[in-house]
Structures are given as structure tokens and as C-alpha cells.
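Here are the chains, one letter per residue:
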Amino acid sequence: MRRGTKRLLVTLAVLALLLVAARVALDPLVTWRTRKILAGMDGMRGRFQDVQVSVHDLSYSIVGLRIEKLGAGGVALPYFQVRKARFGLYFKELVRGNVVAVIDLDKPKLTLVSAKNQQDQGVEEAPEVGWGLEALAPFRMDRVQVKDGELLWVDASEPERPELWLHRIEGTLENFATRKALSKNEPTVLAARGVLQRSGAVSVFATADPLAKKLTFAGQGRLEGLKLPELATLVTSKADVAPDKGELDMSIRFRAEDGRLSGGVRPILKDAGTKPAKDGIGPKLKSLLADASLEIFSDDVPGRDAVATTIPIQGTVHDPKAQAVPTILGILRNAFVRGLQDGLSGLPPPKAKEKEGVMKQARRALSPKRDAQPRAQPGEK
Amino acid sequence: MTRRAAAALLLALSAVSCRNPQRASSPATGGDAQNPEAPDRPEEKGVPPEPGRPQIPASPEALLAPGAVKEIQRTLTDRGFLGAHRAGELDDPTSRALRKFQESQELAATGFPDRETLQKLGVDPERAYGREEGADSD
């Protein structure tokens, strides 16, 4: 009996020692693995300040993670950084035999640079960050949470290097194609809010079928109160005029059923006006024409000059490897660009080659074709 | 000449009336007062449900089961996050209250009642999403 007790105590002591040793070795082991994964990212360089492992809540966190894109000549460009990325497991699901994990990203920032050179960064690379983060966790993700995120898009193909800045992003992505989600027949749900430039309130909601063979999703987005002068650099880089007043609201609804895409974008310009972006008579004329066309198309609500249109979204998603979330984000980006272009499509209006009669102008105005808008008339000789 | 001018005037009037549907409707002038600038209505419901496949709605309201918004509003009111609101609608005050609650719980302040938010509110997510039957399947 006494010998048995002694054996039990020794065994318990050995087990305790092993557990302590394992716990002590855990941090360096995870740090080594994190370094290895970051070093294996093609064309990128990653570093971090600290790695923390918690046995208590089954999580590990990377603090001060910074991933840089290596450009030509070894120049490091900021790509992705996060103050703290926490990877955790749901204990309840673990007990049920499901390894289900969650990622919390605190103050992540993604910088995308579009350039003429295809080797440079582009929006299509955005999913790489997701895959990279997923590689850091040896289990499937079921929930991603973003707090105070930032997305900076720089168009380096233009000399003005216009920027679109989406910040204060708060978002969640739930129910990936994990066993838990599949067994409950739940859709993947994306919900997010943020601020575009300094004034535009953005909200997005979308759901997707994680089981569908072809992409099946639906959603809506909204942009409210974006002050147009904040897009001056972006518009100036494409035209000789810049918006100097007004606001842009935009609504979008979309759905893809078995790969077939449909929906609509509705941009609404309120009290919009322009100014010439460059010196010279040409830009001044364009600005005058733009203001005139905005006046022509504006509604007659007292105290507001709003210009609205609805742009249909149509198409198909053929790529069998396409994933729902990057596709939805791509649709939202394209919708914003198309909405902005269409909202500002009167800047300046197309000019008729020769002076048109009243009948011809009226016929253009009546035409159902979107590109058949009335044209600016050349001046009298 | 006068007949031509009259015809042009008629055409111009027709053009104005044809363009009206594309204009921004204003809450002040009627129209869809709840969501005056929403695109086409058929897109709201998302992808029609099929047997054995998850529901794919285009709006948060369509994802939630009937009565779920009221339950969420009641819980938010009880906790002092929500004041005046439209009962049963995920309106702006409800969305703001959800954001405040999410911030207080260190959750992402999306204003959408996701699973974590519902659990912290004490609302059963399975019931809120209308999946009480499916909850037992695993």
C-alpha cells in the first residue's frame, strides 16, 4: 500500500514536471513556428513583437505583427499590420469534438497599392493576407472579428497617387464551412461598418451558402454622407475637374445564385458642384459644363439638388476556385467605382460634334439607353 | 414652326415624366419612407430558400426569425441601451444601441446582432435565427 502510494506520487510529480516543461517550452515553440510561417510568405517579410500563449482560454496571440511587401530593389512596402491578432478555440465545441476557432484582429491595417506594373501590389492580393493568417492557426476558422481596422488603397498608376481610406472598420465574419456550421445548415454571415475618407459612413451585410458548388450569396451595402471634396484627388486624376461641394450617398444590393450575379447600385449626388482642377480655359469650360449637367439632372426637392440613377449589376462568376468573401468585397469595390463614375458621369457631359436641334436633344433624353444622355451643345459661331 | 415647338415641348414634358422614376425619392415627398434610396426590392430577400440549404438573405432583418428583433430590443431596453424605437424593426436607434452594447462587451461594433452579441445579450442565437430544430442535429 505504502509502495503504491509512493509510485502514484512519483507518477504525479513526473506528470506535473512534464506539464510545467511543456508550458515553458510552448512559448518558444510557438514563436519559432510563427517566425517560420512568416519567413515562408512569398515576396513578403514579416516580423512581430511578441507571441503570447494562454492555456487558460486556449488561445495564442501575436502582438505587433507587421508584414511588408518586398518590391523591386528590395524596397519594403507596408502591406499588413495588426496591433494584436488573437487565435482562440471554442472550448464548448472542442468538448463536442469540433475544432472551431476564432480570430480577433485589433487595429489591423491593410495597404493596397495598384500600379501599372502587374508585379506590384493589387487588390486581388487581399485574400493572401487571409490565407497567411489562416496558416498561422492550425485549425479552421469559424469567426473573424475586426476592431478599429483600416484599409488604404493607393492608385500608384496616377501621378497624383489618389487614395481611398476606409477606417474605423468594425466587422465580423461568422460560420465558415466548418463542421459546426455545416451541421447546423447555417449561412456564412458578413457584417461590417466603417468610415470612408473622413465623412462617409459605410455599412455592409452579406450572407453566403458555404455548401454551394457555385458561388451563392446575397447582400447589401450603404454609403452615406461622403463629402465629395474628399474625392477631389481621385476625380482630378481621371478628369480636369474636381468636386468642390456636395455629398454622395450610395446603396447597393446584390445576389449571386449558382454563380449568376444580379443587383443594382444607386449613387445619389446631393448639391454637387465642381471647380477646374488645372489652369486654363479647357478645365474651366469642363467645370461649367459639369455644373450645368448636374443642374439639368437634379431633382426639384426644395433645399436639395440630388442626382440619382440606378446601375444594374449583372454577370457570372465562372472561376470554380472563387471564394465568396473576396468576391463580395470585389463586388463592393467595383460597385463603388461604378457608382462614383456613373454619379459623376456628367463631369463633363459628352459634347455633341455639331449643334443639335431641340427634337434630337429631346430624343436623346427619351432614349432608354443609359449612354444616350443629352449632350453639351457647341457654342454659336 | 409653332407646331414643331409644341411637339418639342410635348417631348420634353414626356422626357421629364420618364426621368422621374430615376430620381432620388425624398422622405419629404413620400415614396419609400423607410428606405427611400434602396435599390430594386426583389433583391432584398436574397436567394430563394431551397430544401436542405441555408437561407441566404440580403438584409439582417430577413436573417432573423419573426419576433427576434422585438426580443433583442426588449433586452437592450432592459439593460439601458435602447430608448425610443420602432418595435420589431432593426431601425437606426436599435442599431446604435447594439453598437453601444457591443462596444461595452469589447465586441466589434457592427450594429448587427451576430452570434456572440446575442449570446452576451442572453438571447438564444438558435431561436433568434429560427434554427431551434437544427440545433440538435450535431
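Engineer: An account of the overall build of chain A is needed here, citing residue identities and associated values.
Structural biologist: Across its full length, chain A carries 8 helices and 14 strands. With 381 residues in all, chain A has 48% of them scored as buried. When contacts within chain A are restricted to residue pairs at least 6 apart in sequence, long-range pairs at least 24 apart make up 59% of them. A total accessible area of about 20,200 Å² is found for chain A, and carbon and sulfur atoms account for 57% of it.

Engineer: How would you summarise the environment of Arg83 of chain A if you had to cite specific residues and measurements?
Structural biologist: Residue and element names in this part refer to chain A. In this structure, Arg83 sits in strand S4 (residues 76–89). Residue classification places Arg83 among the partly exposed residues on the basis of a relative accessible area of 48%. Separated by 163 residues in sequence, Arg83 and Gly246 have C-alpha atoms that sit 36 Å apart. Within the structure, the side chain of Arg83 is placed 3.0 Å from the side chain of Asp106, a separation counted as a polar contact.

Engineer: Go over the nonpolar core, please, and point to the residues and values.
Structural biologist: Judged by nonpolar contacts, the single largest core of 60 residues is most densely connected at Phe217, Leu231, Leu248, Phe254 and Phe336 of chain A. Contacts of Phe217 of chain A, omitting those with residues within four sequence positions, involve Thr207, Ala208, Phe254, Arg255, Ala256, Leu261, Ala324, Thr327, Ile328 and Ile331 of chain A together with Val47 and Ile56 of chain B.

Engineer: Outline the side chain of Asp155 of chain A, supporting the account with residue identities and numerical values.
Structural biologist: Residues and elements named next belong to chain A. By secondary structure assignment, the location of Asp155 is in strand S6 (residues 141–155). Judged by relative accessible area, which is 5%, Asp155 ranks as buried. In terms of polar contacts, Asp155 uses its side chain to reach the side chain of Ser157, at 2.5 Å.

Engineer: Give a detailed account of the pairing of strand S8 (residues 188–196) of chain A, specifying residues and quantitative values.
Structural biologist: All names here are of chain A. Counting buried residues along S8, 8 of its 9 residues qualify, which places the element largely inside the surrounding structure. In terms of strand pairing, strand S7 (residues 163–174) meets S8 through 7 bridges, oriented antiparallel. Following the sheet pairing, Leu173 is matched in S8 by Leu190. Taken together, the 9 bridges between S8 and strand S9 (residues 200–208) define a ladder with antiparallel strand orientation. Within S9, the residue paired with Ala192 across the bridge is Val204. Hairpin connection between S8 and S9: a loop of 3 residues separates the two successive antiparallel strands, and Gln197 in this loop has a positive phi of roughly 55 degrees.

Engineer: Any details on the environment of Leu70 of chain A? Residues and values, ideally.
Structural biologist: All names here are of chain A. Checked against the element boundaries, Leu70 lands in strand S3 (residues 59–70). Owing to a relative accessible area of 36%, Leu70 belongs among the partly exposed residues under this scheme. The spacing of Leu70 and Arg45 is 25 residues in sequence and 6.9 Å in space, taken between C-alpha atoms. Setting aside residues up to four positions removed in sequence, Leu70 forms contacts with Gly43, Met44, Arg45, Val75 and Ala76.

Engineer: Talk me through the pattern of salt bridges; I want residue IDs and the actual numbers.
Structural biologist: In a structure, side chains of opposite charge can pair up when their charged atoms sit close to one another. Per the counting criterion, the structure on display carries 18 salt bridges over all chains. Its salt-bridge partner being Arg23 of chain A, residue Asp27 of chain A comes within 3.6 Å of it at the nearest N-O pair. In this pair, Asp27 of chain A and Arg23 of chain A both sit in helix H1 (residues 2–39), 4 residues apart, roughly one turn of the helix. A salt bridge links Glu186 of chain A to Arg115 of chain B; the shortest N-O distance between them is 2.3 Å. Of this pair, Glu186 of chain A sits in the loop between helix H4 (179–183) and S8 while Arg115 of chain B sits in helix H5 (residues 115–121), on two different chains. For the pair Glu186 of chain A and Arg115 of chain B, one class covers both residues: buried.

What counts as what
- Residues numbered from 1 in each chain as written.
- Chains lettered and ligands numbered in written order.
- Predicted model: local features only at pLDDT ≥ 70, side-chain atom pairs only at ≥ 80, totals over all residues.
- Heavy atoms only, no water.
- Helix = DSSP H or I, 4+ residues; strand = E, 2+ residues; numbered from the N terminus.
- Buried < 20%, exposed > 50% of the residue type's maximum accessible area, 1.4 Å probe, protein only.
- Contact = heavy atoms within 4.5 Å.
- Areas by Shrake-Rupley, 256 points an atom, 1.4 Å probe, with all protein chains shown as cover.
- Polar contact = N/O pair within 3.5 Å; in protein donor to acceptor, adjacent residues only side chain to side chain.
- Core = buried A, V, L, I, M, F, W, Y, C linked by side-chain atoms within 4.5 Å.
- Pairing = 2+ DSSP bridges.
- Salt bridge = Lys/Arg side-chain N within 4 Å of Asp/Glu carboxyl O.

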